[in-house]
Amino acid sequence: MDTILQIEGLSKKINGQLLLNNIEMKISTPGIYGIVGRNGSGKSLLFKTIAGLLVPTEGKIKVFDQYLEKGAFPKSFGAVLDTGGFLPHYSGFQNLKLLSSIKNLITEKEIREVLDFVGLRSAGNKKVRNYSLGMKQRLSIAQAIMEKPKLLILDEALNGLDEAGVDFFRKVFLDLKNKGTTILLASHNREDIELLCDEIYKMDNGVLKMSS
Ligand SMILES: Nc1ncnc2c1ncn2[C@@H]1O[C@H](COP(=O)(O)OP(=O)(O)OP(=O)(O)O)[C@@H](O)[C@H]1O
Ligand SMILES: [Mg+2]
């Protein structure tokens, strides 16, 4: 099977602290891979490193056929990270338009469609600073899925959503998986992990292990 994600000996040290410790991971089958672990264990750091936002201290990351070089971003990749990152004085539509202009893979019509899909049809023209928590989360998911990436990273992506939103996006993620997308998902919600994940890893103080 072709590589989807391969992490070899990945460590990250910040200010002398070893925050990711010799992480190994190999994914070659599409599916949903969960990562659990207590607050501060390193889940979000791992995701940011895979996303190319942090440079490893040691080790290598390969996404599909591409080794991530310093400053490079993986191709066919989308992510909901814990960083926020939208421009508050721009509308949801304008934010997605700006982000989509990096790769130029989708049209304005497709941006409207994805806003509609995530339940932000009437809020698309509203400034993001006036969004509720759940609306921002929906916009983050829209941003992550809009270019139909083959690898999707979801860091607490269902947090802040109403009940109907949680049900809807669980189905969306399962549907994406069935269409061949690979998803890495960090969550503190046991139900999300049990319902969605094919395999579960545990992060413990920067060390990643398969969970039994
Ligand atoms: N930019 C940074 N500089 C220094 N330390 C950082 C930085 N980002 C994260 N850390 C530290 O790295 C460790 C792991 O943080 P991380 O955000 O990955 O945890 P997490 O597993 O995602 O936790 P949570 O479940 O609360 O989301 C923490 O000790 C945190 O303080
Ligand atoms: Mg986190």
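For the structure, see preceding data.
This text gives an overview of the structure that appears in the document. Worth saying up front: this structure is predicted, and the values here are computed from it rather than measured.

### Let's talk about the sheet that holds strand β9 (residues 199-204)
Moving on, step 1. Spatial strand order, β6-β7-β8-β3-β9-β10: six strands in an open sheet with mixed pairing. Only two strands of the sheet have a single neighbouring strand rather than two, namely β6 (77-80) and β10 (207-210). Strand-to-strand twist of the sheet, defined as the mean angle between neighbouring strand axes without regard to direction, takes the value 20°.
Moving on, step 2. Bridge count between β9 and β10: four bridges; the pairing is antiparallel. In the sheet register, Tyr-201 faces β10, and the bridge partner there is Met-210.

### Considering the environment of Leu-161
Moving on, step 1. With respect to the secondary-structure elements, Leu-161 resides in the loop between β7 (151-155) and α5 (163-178).
Moving on, step 2. Using a relative accessible area of 11% as the deciding quantity, one classes Leu-161 as buried.
Moving on, step 3. Placed 48 residues apart in sequence, Leu-161 and Lys-209 show a C-alpha to C-alpha distance of 29 Å.
Moving on, step 4. Dropping the residues within four chain positions of it, Leu-161 is found in contact with Gly-134, Gln-137, Arg-138, Ile-141, Val-166 and Phe-169.

### Thoughts on helix α1 (residues 43-50)
Moving on, step 1. Burial of α1 is extensive: eight of the eight residues sit out of reach of the surface.
Moving on, step 2. Looking at α1, one finds that the buried residues are Lys-43, Ser-44, Leu-45, Leu-46, Phe-47, Lys-48, Thr-49 and Ile-50.
Moving on, step 3. Gly-52, located one to two residues past α1, shows a positive phi value of around 85°.

### Quick notes on the nonpolar core
Moving on, step 1. In terms of nonpolar packing, the biggest core is built from 36 residues, with Leu-96, Leu-120, Leu-139, Leu-154, Phe-169, Phe-173 and Leu-185 touching the most fellow members.
Moving on, step 2. Within the residue set of this core, elements represented by two or more residues are β3 (32-36), α2 (92-103), α3 (108-117), α4 (133-145), β7, α5, β8 (182-186) and α6 (190-196).
Moving on, step 3. Sequence-distant contacts of Leu-185, defined by excluding residues within four places in its chain, comprise Ile-32, Tyr-33, Gly-34, Ile-35, Phe-47, Leu-154, Ile-193, Leu-196 and Cys-197.
Moving on, step 4. Phe-47, Ile-50, Tyr-201 and Leu-208 belong to the second largest nonpolar core, which has 29 residues in total.

### With respect to the sheet that holds strand β1 (residues 5-14)
Moving on, step 1. Pairing within the open sheet is antiparallel, and its four strands lie in the order β2-β1-β4-β5. Of all strands in the sheet, those with a lone pairing partner are β2 (17-27) and β5 (66-67), marking the two edges.
Moving on, step 2. Across two bridges, the pairing between strand β4 (residues 58-63) and β5 is antiparallel. Each residue of the ladder has a partner; that of Val-63, found in β5, is Gln-66.
Moving on, step 3. Running at roughly 115° to β1, α1 makes contact with β1, β2 and β4 of the sheet.

### Here's the deal with the packing of aromatic side chains
Moving on, step 1. Applying the stated rule across the entire model yields three aromatic pairs.
Moving on, step 2. Measuring from ring centre to ring centre gives 6.3 Å for Phe-169 and Phe-173, while their planes differ by 35°; the resulting arrangement is tilted. Taken together, the residues span about one helical turn, with Phe-169 and Phe-173 both in helix α5 at a distance of four residues. An identical accessibility class is assigned to Phe-169 and Phe-173; each is buried.
Moving on, step 3. Joined through ring pairs, the aromatic side chains of Phe-117, Phe-168, Phe-169 and Phe-173 make up one cluster.
Moving on, step 4. Across from the ring centre of Phe-93, 3.7 Å away, lies the NZ or CZ of Arg-112, which sits over that ring.
Moving on, step 5. A cation over a ring is seen here: Lys-150 above Phe-64, with NZ or CZ 4.6 Å from the ring centre.

### Overview of unusual backbone geometry
Moving on, step 1. Although it is not a glycine, Glu-156 sits at a positive phi angle of roughly 50°.
Moving on, step 2. Structurally, Glu-156 is set in the loop between β7 and α5.
Moving on, step 3. The phi dihedral of Asn-205 falls on the positive side, at around 55°, and the residue is not glycine.
Moving on, step 4. Inspection of the secondary structure puts Asn-205 in the loop between β9 and β10.
Moving on, step 5. For Asn-205, a relative accessible area of 62% puts it in the exposed group.

Here is what the cut-offs are and how they apply
Within any chain, residue numbers begin from 1 and follow the written order of that chain's sequence. Ligands are numbered from 1 and chains lettered from A, in the order in which they are written. Given that the model is predicted, a residue must reach a pLDDT of at least 70 before its local features are reported, and side-chain atom pairs must reach 80 or more before they are shown or counted; all residues, however, enter totals for whole chains, interfaces and linings. The basis for every side-chain value is the complete set of heavy atoms in the structure, and neither hydrogens nor water enter the calculation. At least two bridges found by DSSP between two strands are what make those strands a pair. Counting from the N terminus, the helices are DSSP H or I runs at least four residues long and the strands are E runs at least two residues long. With axes taken as lines fitted to C-alpha atoms, and helix axes fitted only over the stretch in contact, angles between N-to-C directions fall between 0 and 180 degrees. A simple rule labels every residue: compare its accessible area, found with a 1.4 Å probe on the protein chains alone, to the largest value its type can have, and call it buried under 20%, exposed over 50%, or partly exposed in between. Residue contacts follow a heavy-atom distance rule, with two residues in contact if any of their heavy atoms lie within 4.5 Å. Joining through side-chain atoms within 4.5 Å is the link that ties buried Ala, Val, Leu, Ile, Met, Phe, Trp, Tyr and Cys residues into a set, and such a set is a nonpolar core. Centres within 6.5 Å are what make two rings of Phe, Tyr or Trp a pair, Trp counting through its six-membered ring; a difference in plane orientation under 30 degrees is then read as stacked, over 60 as edge-to-face, and the rest as tilted. Charge-over-ring contacts are defined here by two conditions on Lys NZ or Arg CZ: a distance within 6 Å of the ring centre and an angle within 35 degrees of the ring normal.

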